[in-house]
Amino acid sequence: MSKKKLGLYIHIPFCARKCPYCDFYSICDLSLTSRYLTALTKQMEEYGRAMGGYEADTVYFGGGTPSLLTKGQWKELLEALHKNFSICETAEITVEANPASANLRLLKYLRKAGINRLSLGVQSFDDAELAAIGRLHSAADARNTLKDAKKAGFGNISIDLMYGLPGQTVADFARSLDEAVSLDIKHLSSYGLKVEPATPFGKMGESLVLPDEDTWCAMYELLVETCDKAGLLQYEISNFARPGFESRHNLKYWTLAEYLGLGPAAHSYLGGRRFAFARDLNIYCRAFEGGDDTGLLSEDYEAPASGAVADYIMLSLRLKSGLSTADFTRRFRKSFEELEGGRLDRYVAAGLMTHEDGRYAFTTKGFCVSNAVLAELIDLE
Ligand code: SF4
């Protein structure tokens, strides 16, 4: 009997320094790395045993900063991965790397060890912008890491680029974007800076001067247009790829496929259940050191295998291909048109959405204001 497919996410919760805008769970005390990797190996043993009916066809090492791990630590981690999980021969295996810590020696090792996709956190090719968002690397570091990644044999490279940065103009963003698409990359993820209340940026209030909404939308429209011209086709609100190089792992999140996340703050959707581990390295390590697992799960609830209606609407409308009304009916045994009751017509009339061939999808203009539209839609259930 063929095994069920699984996306496997492994969190590496360490950073050399915390960026002031970042809300991901990571800590800067690198002396805890060894303790963490031991606990992670234990979790792999425990969960690997329970996952015998699955085969991972995507693996994603995210962070934090996975490129902070040494070659020796990667060796142990990858051995534990292959010992405890069945990994498909054609699996997409991604490592996130930071230009401040990735080096040629490590990249060569990772490529040789079977990592076949690299996601590089460039964010900007402007040193002043990088300094303004507290990044530890320069634009030159990013260019060098990219060269090293190619030298190491990575053919499938993705770049992360941010827009809507403090003091950034559309012309500034255009320069970084033009450089990014000229670099023979296969994939680009580009997110606008979102200020999270609990971060240092979130606490700056009005002293943090960011581009206004119109400038933000102009940057987004430029992003879509530039990527399209460069042959990086949009497949999700913030993601662009050469055909065949879409992130197979991230597509699992957006299409409600099953995934298991290991490590603190990692989320899972498995066997009709959604659960997440606490954002706390101590709680996590204690639980897998054979001690107390109090507080290990920060959420844990049953979710229908077809997905909840609100999740399905939110996630499918992030995709450029949009929401298929036939697929909606098949999953939920009700009509999407009846549910939305004609509400979407005004978005279609305003040019924010299209309704063609049984699919609703946002236009570029619509993606700019999609949060407001989605807020109305998720109440439909
Ligand atoms: S390097 Fe990445 S994960 Fe670490 S603090 Fe900065 S943005 Fe967050």
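Residues numbered from 1 in each chain as written. Predicted model: local features only at pLDDT ≥ 70, side-chain atom pairs only at ≥ 80, totals over all residues. Heavy atoms only, no water.

Q: What should I look at first to understand the overall build of the chain in this one?
A: Of regular secondary structure, the chain possesses 15 helices and 15 strands. Taken against the 2.2 N^0.38 rule, which gives 21 Å for 381 residues, the C-alpha radius of gyration of the chain at 21 Å falls within 12% of a compact globule. The proportion of buried residues among the 381 residues of the chain is 53%. For the chain, restricting intrachain contacts to residue pairs at least 6 apart in sequence, the fraction spanning at least 24 positions comes to 69%. When the accessible surface of the chain is summed, it comes to about 17000 Å², and 52% of that surface belongs to carbon and sulfur atoms. Taken as two groups, the 43 positive and 50 negative side-chain charges of the chain have centres that lie 7 Å from each other. (Helix = DSSP H or I, 4+ residues; strand = E, 2+ residues; numbered from the N terminus. Rg over C-alpha atoms; globule rule 2.2 N^0.38 Å. Buried < 20%, exposed > 50% of the residue type's maximum accessible area, 1.4 Å probe, protein only. Contact = heavy atoms within 4.5 Å. Areas by Shrake-Rupley, 256 points an atom, 1.4 Å probe, with all protein chains shown as cover. Lys, Arg positive; Asp, Glu negative; His and termini not counted. Charge placed at Lys NZ, Arg CZ, Asp CG, Glu CD.)

Q: What am I meant to see in the UniProt feature "domain: Radical SAM core" (unreviewed entry) in the chain here?
A: With numbering matched to this structure, UniProt assigns "domain: Radical SAM core" (unreviewed entry) to residues 1–233. Taken as a whole, residues 1–233 contains 38% helix and 22% strand, while its terminal C-alpha atoms sit 36 Å from one another. (UniProt positions renumbered as here; feature names shortened; annotations may be inferred.)

Q: Got a minute to help me understand the domain arrangement of the chain in this structure?
A: You'll often see interface size given as the accessible area lost when the parts meet. Here the domain parsing of the chain yields domain 1 (4–253) and domain 2 (309–377). On a C-alpha basis, the centres of domain 1 and domain 2 stand 29 Å from each other. In this complex, domain 1 contributes 11 residues to the contact, which on the side of domain 2 involves 9 residues. For the pairing of domain 1 and domain 2, the buried interface totals around 940 Å² over both sides, and the portion due to carbon and sulfur atoms is 65%. Of all residues in domain 1, the largest losses of buried area upon contact with domain 2 belong to Gln234, Glu236 and Ile237, amounting jointly to 41% of the total for that side. Counting the contacts that link domain 1 with domain 2 gives 1 salt bridge. Glu236 serves as the salt-bridge partner of Arg318, at 2.5 Å between the closest nitrogen and oxygen. Between domain 1 and domain 2 we count 3 residue pairs in polar contact (both at pLDDT 80 or more) in total. Every element with two or more residues in the side of domain 1 that touches domain 2 is listed here: α7 (213–229), β7 (233–236) and α8 (248–254). A class-by-class count of the residues in the side of domain 1 that touches domain 2 yields 8 nonpolar, 1 polar and 2 charged. (Domains from an automatic or database assignment. Buried area = accessible area lost by both parts, 1.4 Å probe. Salt bridge = Lys/Arg side-chain N within 4 Å of Asp/Glu carboxyl O. Polar contact = N/O pair within 3.5 Å; in protein donor to acceptor, adjacent residues only side chain to side chain. Nonpolar A, V, L, I, M, F, W, Y, C, P; charged D, E, K, R; others polar.)

Q: Quick question: what am I supposed to make of the packing of aromatic side chains here?
A: Two aromatic rings are characterised by how far apart their centres lie and by the angle between their planes. All told, the structure shown has 22 aromatic pairs when counted by the stated rule. Here the aromatic rings of Tyr21 and Phe201 are separated by 6.5 Å at their centres, their planes lie at 45 degrees, and the arrangement is tilted. Remark: Phe201 occurs in the loop between β6 (187–192) and α7 and Tyr21 occurs in the loop between β1 (4–12) and α1 (33–50); sequence separation between them is 180 residues. One exposure class covers both Tyr21 and Phe201, and it is buried. By way of ring pairs, the aromatic residues Phe14, Tyr36, Tyr47, Phe275, Phe277, Tyr284 and Phe288 are connected into one cluster. When the ring centre of Phe245 is taken as origin, the NZ or CZ atom of Lys186, which lies over that ring, is 5.4 Å away. Lying over the aromatic face of Tyr269, Arg274 brings its terminal NZ or CZ to 4.2 Å of the ring centre. (Phe/Tyr/Trp six-rings, centres within 6.5 Å; stacked < 30°, edge-to-face > 60°. Lys NZ or Arg CZ within 6 Å of the ring centre and 35° of its normal.)

Q: So what exactly am I meant to see when it comes to the sheet that holds strand β15 (residues 359–362) here?
A: Consider a sheet: its strands pair through backbone hydrogen bonds, and that pairing is either parallel or antiparallel. Pairing is antiparallel in the open sheet, where 3 strands are placed in the order β13-β15-β14. Because the sheet does not close on itself, it has two edges, and the strands there are β13 (323–324) and β14 (353–356). Where β14 meets β15, 4 bridges bridge the pair, whose relative direction is antiparallel. Looking across to β15, one finds that Thr354 is bridged to Ala361. (Pairing = 2+ DSSP bridges.)

Q: Hey, could you run me through the nonpolar core in this one?
A: Side chains that are nonpolar tend, in soluble globular proteins, to be buried together. Counting residues in each nonpolar core, the largest one holds 107 residues, and the members touching the most others are Ile10, Phe61, Trp74, Leu81, Phe85, Leu188 and Leu260. Leaving out residues up to four positions away in the same chain, Phe85 has contacts with Leu8, Met44, Tyr47, Gly48, Met51, Leu260 and Leu262. (Core = buried A, V, L, I, M, F, W, Y, C linked by side-chain atoms within 4.5 Å.)

Q: How should helix α9 (residues 281–288) be read in this particular structure?
A: One full turn of an α-helix is made of 3.6 residues, so residues set three or four places apart face in the same direction. For α9, the buried fraction is high: 6 of the 8 residues fall into the buried class. By the burial criterion, the buried members of α9 are Leu281, Ile283, Tyr284, Cys285, Ala287 and Phe288. In this structure, the buried residues of α9 make contact with α1. If you check the start of α9, you find a side-chain oxygen 2.9 Å away from the backbone N of Asn282, and it comes from Asp280.

Q: What am I meant to see in the side chain of Ser124 here?
A: Looking at the secondary structure, you find Ser124 in the loop between β4 (117–123) and α4 (127–132). Here Glu129 takes part through its side chain, which lies 2.7 Å from a polar atom of the side chain of Ser124. A polar side-chain atom of Ser124 sits 3.5 Å from a polar atom in the side chain of Ser176.

Q: I keep staring at the pairing of β1 and nothing clicks. Help me out?
A: The two faces of the sheet receive side chains in turn, since in a regular strand these alternate between them. When you tally the buried positions in β1, you get 7 out of 9 residues, the bulk of the element. Taken together, the 9 bridges between β1 and strand β2 (residues 54–63) define a ladder with parallel strand orientation. Opposite Tyr9, over in β2, you have Tyr60 as the bridge partner. You can see the chain leave β1, run along α1 and come back into β2, and the turn it takes is right-handed. For β1 and strand β9 (residues 259–262), the ladder comprises 4 bridges, and the chain directions are parallel. (Right-handed = clockwise from strand over helix to strand, strands pointing away.)

Q: Is there a simple way to explain the environment of Thr145 in this structure?
A: Within the element layout of this structure, Thr145 appears in helix α5 (residues 139–151). Note: C-alpha distance between Thr145 and Ala102 (43 residues apart in sequence) is 6.8 Å. Filtering out sequence-adjacent residues up to four positions away, Thr145 remains in contact with Pro99, Ala102, Leu107 and Leu120.

Q: Would you take a moment to explain helix α11 (residues 325–332) for this structure?
A: Residues of α11 that are buried: Thr325, Asp327, Phe328 and Phe332. One face of α11 carries all of its buried residues, which in axial projection span an arc of 155 degrees. In α11, the exposed positions angled more than 90 degrees off the buried face are occupied by Ala326 and Arg330. Of the surrounding elements, those touching the buried residues of α11 are α10 (309–318), β13, α12 (336–340) and β15. Directly after α11, the chain includes Arg333, whose backbone phi takes a positive value near 55 degrees. (Arc of directions from axis to C-beta.)

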